[in-house]
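Now for the letters of each chain:
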Amino acid sequence: MKYLKTMVAALLTTTGMTVSAAADTSVCLITKDATNPFFVKMAQGAFAKAAELGTELRSYAGKFDGDHETQVAAIETCVAAGAGGILLVASDTKAITASVKKARDAGLVVIALDTPLDPIDAADMTFATDNFLAGELIGKWAAKTMGDTSTAKIGLLNINVSQPTVGVLRNQGFLKGFGVDIGDPSKWGDESDARIVGHELSNGNAEGGRKGMENLLAIDPEVNVVYTINEPAAAGAYEALKSFGRQDDVIIVSVDGGCPGVSDVASGVIGATAQQYPLDMAGLGVEAIVNAVQSGEMPKATEGKAFFDTGVGLVTGAPVDGLEQLSVEEGKNRCWG
């Protein structure tokens, strides 16, 4: 917990976020959808910070994850309304850049949340989890938990081939943390390590996780380490392993830190998960826009990174030496969903 408090304090210092009354500044939040618990918590953080600063917040969302057109319309609405800035979780990180450019040309500050735009400098700044680090943390934990990693048989459950950004970062971070030569870090699947059984797709849900795990077991029934893109996929993988009687001898790790996922850590379904913080991500984003509009000072990237790192914590009920970790109770206190 000490690490998390230090991280938030450092973030506030890095951006110089000393914000006065902001009644004359309005902010728009545009997320992929309005039902995903991650985006619900993000909206809560944004509204809470806006209320604290006395600024108006308008929230928009796609009808579903991937609804690019609704996000474009929301940007146009925000520009027409004279908003000071936009916090954007883009469904299509490349196609949205033309609309983002129009908003910036009109004088709005645009901060990408969670996922960088393509290219990353299409936005004024990106506030996000370091997803490579998140993967690296769970990879290191899995390796330390296993001890002798020479006997590892690794299965990886990715999201899908059409959304590579976050998935590649988490996947490659995990493999590096586990001690695998990852080759080209911009893609998964080019590794030559004989310990890797295979990469399967999960679509980030329980059913996809179950099917992907079944495919991995068909390749090698002795898989003993499983990386999952998120906690619903991990839950599905566990169910598949349980049907084969393998649930107690496989290490499962994941990323997100939602409340259901942390509960799965508590019950032993997931060994460890890397927790991200949408509440802080959005709140800090609102603060940065208000500060930029009032002072002209744009938020700065975290030192050594191309984005503003909003923190990550490793949550586990089975701590190992040499890593900073959060207990399950600490994870529950900061979880979302």
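Residues numbered from 1 in each chain as written. Predicted model: local features only at pLDDT ≥ 70, side-chain atom pairs only at ≥ 80, totals over all residues. Heavy atoms only, no water.

A short note on the overall build of the protein chain
What the protein chain contains, in helices and strands, is 11 helices and 12 strands. Principal-axis analysis of the C-alpha atoms places the extent of the protein chain at approximately 60 × 40 × 30 Å. Out of the 337 residues in the protein chain, the part that is buried amounts to 55%. The long-range fraction of contacts in the protein chain, counting pairs at least 24 apart against all pairs at least 6 apart in sequence, stands at 73%. When the accessible surface of the protein chain is split by element, carbon and sulfur atoms take 53% of a total near 13600 Å². (Helix = DSSP H or I, 4+ residues; strand = E, 2+ residues; numbered from the N terminus. Buried < 20%, exposed > 50% of the residue type's maximum accessible area, 1.4 Å probe, protein only. Contact = heavy atoms within 4.5 Å. Areas by Shrake-Rupley, 256 points an atom, 1.4 Å probe, with all protein chains shown as cover.)

A look at the environment of Thr310
Structurally, Thr310 is set in the loop between strand S11 (308-309) and strand S12 (313-316). Put simply, Thr310 and Leu284 are 26 residues apart on the chain and 8.3 Å apart in space, counted from C-alpha to C-alpha.

Quick look at the packing of helix H3 (residues 68-80) against helix H4 (residues 97-105)
For the pair H3 and H4, the least separation of the axes is 10 Å and the interaxial angle reads 5°. Classified by the interaxial angle, the pair formed by H3 and H4 is roughly parallel. The segment H3 lies against H4, with Val72, Ile75 and Val79 engaging Ser99, Val100 and Ala103. When grouped by side-chain class, the residues that make up the contact of H3 with H4 number 5 nonpolar, 1 polar and no charged. (Axes fitted to C-alpha atoms, helices over the stretch in contact; angles between N-to-C directions. Parallel < 35°, antiparallel > 145°, perpendicular 65-115°, else oblique. Nonpolar A, V, L, I, M, F, W, Y, C, P; charged D, E, K, R; others polar.)

Observations concerning the layout of surface pockets
In this structure, the largest pocket encloses a volume near 900 Å³. In this structure, the largest pocket is lined by 39 residues; those nearest its centre are Lys32, Asn36, Asp65, Ile159 and Asn230. Sorting the residues of the lining of the largest pocket by element identifies helix H2 (37-53), helix H6 (164-178), helix H8 (231-243) and helix H9 (259-267) as the ones contributing at least two each. With 5 residues, the top contributor of residues to the lining of the largest pocket is H6. Here the lining of the largest pocket is composed, by residue class, of 13 nonpolar, 18 polar and 8 charged. (1 Å grid on protein atoms, 1.4 Å probe; cavity = no way out; pocket = protein on both sides within 12 Å on 5 of 7 lines; lining within 4 Å. Points joined across faces, edges and corners; volume = space filled by probe spheres on them.)

Notes on the nonpolar core
Side chains that are nonpolar tend, in soluble globular proteins, to be buried together. The biggest cluster of nonpolar side chains holds 30 residues, and the ones touching the most others in it are Ile138, Trp141, Ala142, Ile154, Phe174 and Phe178. Where this core is concerned, the elements lending two or more residues are helix H5 (131-146), strand S6 (154-158), H6, strand S8 (225-228), strand S9 (251-256) and strand S10 (272-275). Residue contributions to this core peak at 7 residues, all from H5. For Ile138, the residues in contact, after removing those within four places along its chain, are Phe174, Tyr227, Val253, Ser254, Val255, Ala272, Thr273, Ala274 and Leu314. Formed by 27 residues, the second largest nonpolar core is a distinct cluster that contains Ala46, Leu53, Met125 and Ala288. (Core = buried A, V, L, I, M, F, W, Y, C linked by side-chain atoms within 4.5 Å.)

Focus on helix H10 (residues 278-295)
Taking 1.5 Å per residue, 18 residues should reach 26 Å; H10 reaches 25 Å between its end C-alpha atoms and fits that length. Among the 18 residues that make up H10, 13 are buried, leaving the element largely enclosed by the rest of the structure. Following H10 by one or two positions, Gly296 has its phi on the positive side, about 80°. (Expected span 1.5 Å × (residues − 1).)

Quick word on the environment of Val27
Relative to the helices and strands, Val27 resides in strand S1 (residues 26-31). With residues near it in sequence (within four places) discarded, Val27 still touches Glu56, Leu57, Arg58, Gly85, Leu87, Ile289 and Val290.

Considering H2
In this model H2 runs 24 Å from its N-terminal to its C-terminal C-alpha over 17 residues, within 8% of the 24 Å that 1.5 Å per residue would give. Along H2, the positions that sit buried rather than exposed are Phe38, Phe39, Met42, Ala43, Gly45, Ala46, Lys49, Ala50 and Leu53. Viewed along the axis of H2, the buried residues span an arc of 160°, placing them on a single side of the element. Facing away from the buried side of H2 by over 90 degrees, the exposed positions are Ala51 and Glu52. (Arc of directions from axis to C-beta.)

Regarding the state of the cysteines
With the rule as written, the count across this model stands at 2 disulfides. Covalently, Cys28 is tied to Cys78 through a disulfide, its sulfur atoms 2.3 Å apart. Between Cys28 and Cys78, the S-S torsion sits near -115°, and that sign places the bridge as left-handed. Of the two residues, Cys28 sits in strand S1 while Cys78 sits in helix H3, which places them 50 residues apart along the sequence. Comparing Cys28 with Cys78, the two get one shared label, buried. Two residues share a disulfide in this structure: Cys259 and Cys335, whose sulfurs sit 2.0 Å from each other. Across the disulfide from Cys259 to Cys335, rotation about the S-S bond amounts to roughly 90°, and the bridge is consequently right-handed. With Cys259 in helix H9 and Cys335 in the segment after helix H11 (328-334), the pair connects residues that are 76 residues apart, well separated along the chain. Taken in N- to C-terminal order, the disulfide-linked cysteines of the protein chain are connected 1-2, 3-4. (Disulfide = S-S within 2.5 Å.)

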